[in-house]
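# Fold and geometry: a report
As a plain string of letters, each chain reads:
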Amino acid sequence: MPGKLKVKIVAGRHLPVMDRASDLTDAFVEVKFGNTTFKTDVYPKSLNPQWNSEWFKFEVDDEELQDEPLQITVLDHDTYSANDAIGKVYIDIDPLLYSEAATVISGWFPIYDTIHGIRGEINVVVKVDLFNDLNRFRQSSCGVKFFCTTSIPKCYRAVVIHGFVEELVVNEDPEYQWIDRIRTPRASNEARQRLISLMSGELQRKIGLKVLEMRGNAVVGYLQCFDLEGESGLVVRAIGTACTLDKLSNTSAFLPACNSPSKEMKESPLVHAPSHGCRSTHNSPIHTATGSRLTQNFSVSVPTLIYTGMGSGSAGKEGGPFKTLLRQQTQSALEQREFPFFTLTTFPPGFLLHVGGVVSARSVKLLDRIHNPDEPETRDAWWAEIRQEIKSHAKALGCHAVVGYSESTSICEEVCILSASGTAAVLNPRFLQDGTMEGCLEQRIEEASPPGCGFCHIPYDELNMPFPAHLTYCYNCRKQKVPDVLFTTIDLPVEAIVVGKGCLIQARLCRLKKKAQAEANATSISNLLPFMEYEVHTQLMNKLKLRGMNALFGLRIQITVGENMLMGLASATGVYLAALPTPGGIQIAGKTPNDGTYEQHISHMQKKINDTIAKNKELYEINPPELPEEIIGSPIPEPRQRSRLLRSQSESSDEVTELDLSHGKKDAFVLEIDDTDAMEDVHSLLTDVPPPSGFYSCNTEIMPGINNWTPEIQMFTAVRVSRLSNINPTNQTLNKNFNDLCENLLKSLYFKLRSMVPCCLCHVNFTVALPEDELVQIAVTAVAITYDKNQALQANKAPTEKSQQRASTDNEEQLQFPLELSSDPLSSQPFSPAKEALEGASSHTGIPAAQRATSVDYSSFADRCNSWIELIKLKAQTIRRGSIKTTTSLEKASPLAEGYLRHRSVPSGTNSTVSVVKMTPLSFLPGAKITKYLGIINMFFIRETTSLREEGGVSGFLHAFIAEVFAMVRAHVAALGGNAVVSYIMKQCVFMENPNKNQAQCLINVSGDAVIFVRESELEALPVPAPTAQPAGSAGDVTT
Amino acid sequence: MSSDLDVFVGNTTLIDEEVYRLWLDGHSVAEAVARRLRGGVLEREGTSVAVLQSDTRDHYRTFQMLERLLHAPPRLLQQLLFQIPPERQALLVQRYYAFDEALARELLGKKLSKGTKKELDEVSARTGVGIRSCRRQFDNFKRVFKAVEELRGPLAENIQQLFLLPPALARDYAAIVFSGIWGLWERFWGFLGCPDPPFSSRDYAAIVFFANSRFETGKRRLQFLSFGDFAACAQSMMAHWSQGALAPEAADPDGDLPKSFLQDLKELKVLVSDKDLLDQHKSLVCSALRGKISVYNELEANFKALSRALVNVGGKLTHARDVRDFFVDLVEKVIEPCRSDKWSPGDLRLFLTHYTAAPRNLPGFRHQALWERYMAAISACLLRMYHD
């Protein structure tokens, strides 16, 4: 009996009127966990019942604790007929199972009904007592922490990053069971919600087991998705990166005092877990039976494009024996892993050595009923196949690892496209194993790859390149080769040197497809895919050049399948990396050079394009200093690369090399206009309207070039469904419609948020779905963050200064990131090489004294913090009283903790006000410090209506539902004691309507990390050593 | 390509003040868009009409969802559905409950009944306030009235607490509701078990504002009074008279019950019915004012008529029929004669001060406290109403 779950039902408020006669409600509550149910008394005739129940105690296995949600049902008692359900609350008690996380869940939860939405609120208190359980074959994995955040969470330190974990579970979808025909929609929705909740619990437990097996204690970058396969079932799958995390000791002082005894008890399972025999049913990440699969299933693997720069070039200097050495080292570290994948997108400094480029794989599958849910072999095998392909692509790029890895599906009827993508990379082995690699190698690595450009250096062998690429010497260090363009799926590394600002770049594409059945359908889809990939890539490339930029980060390509078309939407953040060469312009070439008017038209277009490039450069402040030619080691004659925009059946075959002397710039990109279609494409290139002044947008965590965020944030979700009304749609008109739809949506976002100017839309995440014939649904989730324009101007004066000081100004700009954006400078501290890295860097030419000063500061900062903590501890010892443990007294002694409590007690003290919960898709909050992670939020809701018109039509229905989802997320976070959700993501929003029947249904799945944050302004008042240069002795004032 | 569905939901609910105003004024989405266009948003923000439409629709939807909560403002504070910063919540409530004085003036003296609601079309035409806005404001009055009619304690404070309105607005509402105060008194009498309430409790609900038909006929006469005048009058009556009536628990120690207050007012009649007292009163006031007031002769001539009017207004307050004549009486019997004699406001003030103070020196007059309490409100009303 490893756990005791205790639940108390306190009160309800604002309940709906259930008895029309009296305008009142006789409410009582059922509390269910597993198969045990308790009931409260009926509180008669009140809309604000006060149950104040006893503690309901459930004695359960920890396995059950992990899998099952706590179900709270509020009902109206009826003497003569069946009791009416008012609504339900599902509480995931997982956050109570980690040590360090929440110790109690307590607060007002919205009572939710799938037909009526939120109907009042209920106040609940939940606690868990866990008991030590040492000598058992464990099926549970209590204590493994989960994070949605795709970087090492602030206030933790990565001891080891173990690598990829994945799992999937399948079940029949209750909506498609025979019983669904005779039960009410409410019952069916609730069955579905419950099942998915159960499946996610099970999935998380299984992943946790794998992590324990790898001797990790946490999963970072945890991404869980549902595939609603309809008739053939329901798949819940998850991927993540197993890590061993250490809580940064100093932050523990920042925790609010929560001296519940259960906390002490919970520490132990975690500590013991790795050392005891963990028997997992699945030892290897994939199942082995793959033989029969192909006979049953139709499967097409799509040739994959590797997204890196295009072009041809010549070889240069030696890659060095060092690189090979490094490769061997890394290889040995990664070899043990079946899939050296990492779902992280931001890494500790020094972790990422080189980036190869984007690797992706897609596969078209036909769904069939999953016969045995306990053996989900086919789905496992499908994914294994794709991952294998990704792995081999990465190898071809000379990389051993894939970072920023993600998986997705698109399902239409029985066809399913599985996609996986990531960025091939070479990693520093130091983080992959327990400190064994540290030593002599380290020094060399730092020397070899200076910060700020090291990751741009090609990982592959120049003489034996996997694809035609155009290489030059790095514009930063001039020692290593870099490609001319770099595409990645990760966030911009903090150490990267960027010129100007970044911007959101999207490629949008529609392709018609014939309606077909089964295999014919799958074949036609898989035939279309390579062309779509190619076109998306070309569009991205063109738009990137049009903005005068040379690298893409956070690239996410989504291909959506519908009944009669395919849609592709790629989003990324373009930047100008100082290490890469200046991108060439775009040249237009006509096919019929004899026609005079045509020529004129062409030249007109050319002018327009050139103007746009110039304008964009100004807008994004891209003014890289001109480099005197002799600085670049050996000038390589630059051949011009030509590619056709469209109509090229085989993409790489008609590459022609020719010298273009008329155009001064290197490797100008030529668009060949051979028919009206191509013309349209050029036009569409130019239709992308830049955001209005005061706005920037990106889809990465941070906006390159903006570093003075102010604390105001606004997270939002916008959803649009549009009907493509064309009677005879062509690819062109569809493209235009789709393009307009996206542009208009962006425009309306800018308009809505105009009061926040100057601001930046960060983490702009578009999701496209094709719910029906002719219907396109786009959902966008993003966060608008304000910044201080005046400071921004000051910071940007620097780049305009002198060309010779290029490196210095760049460094100055990016320097702000470690200080301000990774709001916890301590997170970089444990990686002691940061010191070396920066010092190593400062020995390079042109690094200003300012940076050197910071590097010194970083190293001494750790000492200072430690000594400060020691002092606090000493102080804590002296004021310790009675039986309070040292840790709690330490917390109490911390002035911050008190400050925090004061802060929190303000909203909770006055009963009527609701505490504010911030939500953001980013992993941080500007101007704030995350002091504690409370656990993962992973919620799934269904809402259905049979009175669509009365609820304000489809818009009214969905508007209310999304608001309700936000409210429920906020309520759960607040009940955990948190005040924010970070890394929030809406993973699914499936909307279906039947206007004729006045019905609609929507499913939404969201997740994120519940956290406690403290405003930095509140921190300042406290004697926390600020990350500015201060003598180490300054910690002395703490004692006073 | 038309958008069937188009929503934007922020974690913090966006409130556009301009759109909120348009919504409150009762404009449809199309009208609101047209007005925003005229406001020049397009030029300022460089956006398109479609964007403006979508934005307006979003806000309208939000407001419609919020309206249910605005009907009970404390729920707006407790609800979890919309995360709205406190200052924005306050703004939402204040704007929602703000009313057009022209409309309030029209509604004064009318029943807050379905019949009146049907007549709002005409009111809307007369006042230029949109019909939808009229209906909303009408419902607001009615809601506030219903919420506080059975509550005890100071009216303005009750309204402030129940509807989270700023003090000034709450006082205005209190003034409006106060018009139904006669109804409250009536109920109070019923509560005390008074065998013969001055008017029927069934009619009570109908007696709202300075209700009824006589008021209609006197309307022309009262036309020069604004809503602000009435509100101020109601407020001073509440301030001076109703302490006991509206907060009986606070008033109980004094034994100063409204019933007795109104009944006691009849005792004041002695001031005009007793010839000696009347003469003495007159001589006291006249001697005090001689040489200080420009209209001394007129005062001397009219004193008895004025005094009779001032005292009788109070004496009639126990009868529902006469309550409605309160303002008409004041205007007809005090303000108009004074005005025709060209009294200045200063003259009136001086007169009222001494007129109120004088009975202190009258031998045999024992109702000094009651008299001053009564006259305090009457003086304040008269001074407020004494303008063109």
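Numbering of residues starts from 1 in every chain and runs along the sequence as written. To label them, take the chains in the order written and letter them from A, then take the ligands in the order written and number them from 1. Where local features are concerned, this predicted model is filtered to residues with pLDDT of at least 70; where side-chain atom pairs are given and counted, the filter is 80 or more; whole-chain, interface and lining totals use all residues. Hydrogens and water are ignored here; the side-chain numbers use all heavy atoms of the structure.

Let us now look at the packing of aromatic side chains. Residues and elements named next belong to chain B. When two rings of Phe, Tyr or Trp (its six-membered ring) have centres within 6.5 Å they constitute a pair, described as stacked for plane angles under 30 degrees, edge-to-face for angles over 60, and tilted for the intermediate range. Under the definition given, this model contains 37 aromatic pairs over all chains. Relative to Tyr 355, the ring of Phe 351 has its centre 5.3 Å away and its plane inclined at 25°; by these criteria the two rings are stacked. Residue Phe 351 and its partner Tyr 355 are located together in helix H24 (residues 345-357), separated by 4 residues, close to a single helical turn. Each member of the pair, Phe 351 as well as Tyr 355, is classed as buried. Taken together, a centroid distance of 5.4 Å and an interplanar angle of 65° make the contact between Tyr 355 and Trp 371 edge-to-face. Placement of Tyr 355 in helix H24 and of Trp 371 in helix H25 (residues 368-385) is noted, with a sequence separation of 16 residues between them. Buried means the residue's accessible area, taken with a 1.4 Å probe over protein chains only, is under 20% of the maximum for its type, while exposed means over 50%, and partly exposed covers the values in between. Take Tyr 355: its relative accessible area is 0%, and that puts it in the buried class. Overall, Trp 371 belongs to the buried group, its relative accessible area being 0%. In this structure an aromatic cluster arises from ring pairing among Tyr 20, Trp 23, Phe 63, Tyr 96, Tyr 97 and Phe 163. Only runs of H or I of at least four residues qualify as helices and only runs of E of at least two qualify as strands under DSSP, and these elements are numbered from the N terminus.

Residues and elements named next belong to chain B. A fitted line through C-alpha atoms represents every axis, and for helices the fit uses only the stretch in contact; the resulting angles, taken between N-to-C directions, go from 0 to 180 degrees. One way to put it is that helix H2 (residues 29-38) packs onto helix H4 (residues 49-70) with a least axis distance of 10 Å and a crossing angle of 125°. The angle between H2 and H4 places the two elements in the oblique class. For the pair H2 and H4, the sense of crossing is right-handed. Between H2, through Val 29, Ala 32, Val 33, Arg 36 and Leu 37, and H4, the contact on the second element is made entirely by Val 49, Leu 52, Gln 53, Asp 55, Thr 56, Arg 57 and Tyr 60. Angles below 35 degrees are treated as roughly parallel, those above 145 as roughly antiparallel, those between 65 and 115 as roughly perpendicular, and all remaining angles as oblique. Note on convention: the crossing is left-handed when the near helix lies turned anticlockwise from the far helix by less than a right angle, right-handed when the turn is clockwise. Only heavy atoms enter the contact rule, under which two residues are in contact if any of them lie within 4.5 Å.

What follows is about the pattern of salt bridges. A pairing counts as a salt bridge when a side-chain nitrogen of Lys or Arg comes within 4 Å of a carboxyl oxygen of Asp or Glu. Inspection of the entire model under this criterion finds 42 salt bridges over all chains. Within this structure, Lys 752 and Arg 754 of chain A together with Asp 16, Glu 18, Arg 36, Asp 55, Asp 58 and Arg 61 of chain B form a network of salt bridges that share partners.

Residue and element names in this part refer to chain A. Taking burial as the measure, the 11 residues of strand E21 (residues 551-561) include 10 buried ones, the bulk of the element. Two strands qualify as a pair provided that DSSP identifies no fewer than 2 bridges between them. Alignment of E21 against strand E22 (residues 565-577), held across 9 bridges, turns out to be antiparallel. Looking at the pairing, Val 561 lines up with Leu 566 of E22. Taking the residues between adjacent antiparallel strands as the criterion, E21 and E22 are bridged by 3 residues.

Residue and element names in this part refer to chain A. Relative to the assigned elements, Thr 114 resides in the loop between strand E7 (104-113) and strand E8 (117-130). Within polar-contact distance, the side chain of Thr 114 engages the side chain of Asn 189 at 3.4 Å. Excluding its chain neighbours within four sequence positions, the residues that come into contact with Thr 114 are Arg 186, Asn 189, Glu 190, Gln 193, Ile 942, Arg 943 and Glu 944. Polar contact is the term for a pair of N or O atoms within 3.5 Å; when the atoms are in protein, one must be able to donate a hydrogen and the other to accept it, and sequence-neighboring residues count only if both atoms are side-chain atoms.

Below, the discussion takes up unusual backbone geometry. Residues and elements named next belong to chain A. The peptide bond linking Val 757 to Pro 758 adopts the cis configuration, its omega dihedral lying at -5°. For Pro 758, the position within the fold is in the loop between helix H12 (731-752) and strand E29 (759-772). Backbone geometry places Asn 52, a non-glycine residue, at a positive phi of 45°.

With that out of the way, let us pick up the sheet that holds E21 of chain A. Residues and elements named next belong to chain A. Read across the open sheet, the 4 strands follow the order E19-E21-E22-E20; overall the sheet is mixed. Of all the strands in the sheet, just strand E19 (486-487) and strand E20 (498-512) have a single pairing partner and so form its edges. In the sheet, E19 pairs with E21 via 2 bridges, with the strands oriented parallel. Counted as the bridge partner of Leu 486 is Ala 551 from E21. Relative to E20, helix H9 (residues 518-546) is tilted by about 150°, and along the sheet it contacts E19, E20, E21 and E22. Running at roughly 140° to E20, H12 makes contact with E20 and E22 of the sheet.

A separate point is the interface of chain A and chain B. Between chain A and chain B, the contact holds 54 residues from the first and 35 residues from the second. Both sides together, the interface formed by chain A and chain B hides about 3900 Å², and carbon and sulfur atoms give 58% of it. Where chain A touches chain B, the interface holds 4 salt bridges. On the surface where chain A and chain B come into contact, there are 21 residue pairs in polar contact (both at pLDDT 80 or more). Listed by contribution, the elements that provide at least two residues to the side of chain A that touches chain B are E7, E8, strand E28 (709-723), H12, strand E31 (918-919), helix H19 (953-975) and strand E33 (980-994) of chain A. With 13 residues, the top contributor of residues to the side of chain A that touches chain B is H19 of chain A. Residue polarity is assigned by list, with Asp, Glu, Lys and Arg as charged and Ala, Val, Leu, Ile, Met, Phe, Trp, Tyr, Cys and Pro as nonpolar; anything else, Gly included, falls into the polar class. Considered class by class, the residues forming the side of chain A that touches chain B number 29 nonpolar, 14 polar and 11 charged. Using a 1.4 Å probe, buried area is obtained as the accessible area two parts lose upon being combined, added over both of them.

What follows covers the pairing of strand E2 (residues 27-33) of chain A. Residue and element names in this part refer to chain A. In terms of residue burial, E2 counts as a mostly covered element, since 5 of its 7 residues are buried. In this structure, E2 lies alongside strand E5 (residues 70-76), joined through 6 bridges in antiparallel fashion. Considered in E5, the bridge of Lys 32 is made with Gln 71. Following E2, the chain reverses through 2 residues before pairing antiparallel with strand E3 (residues 36-39); Gly 34 in that reversal takes a positive phi of roughly 60°.

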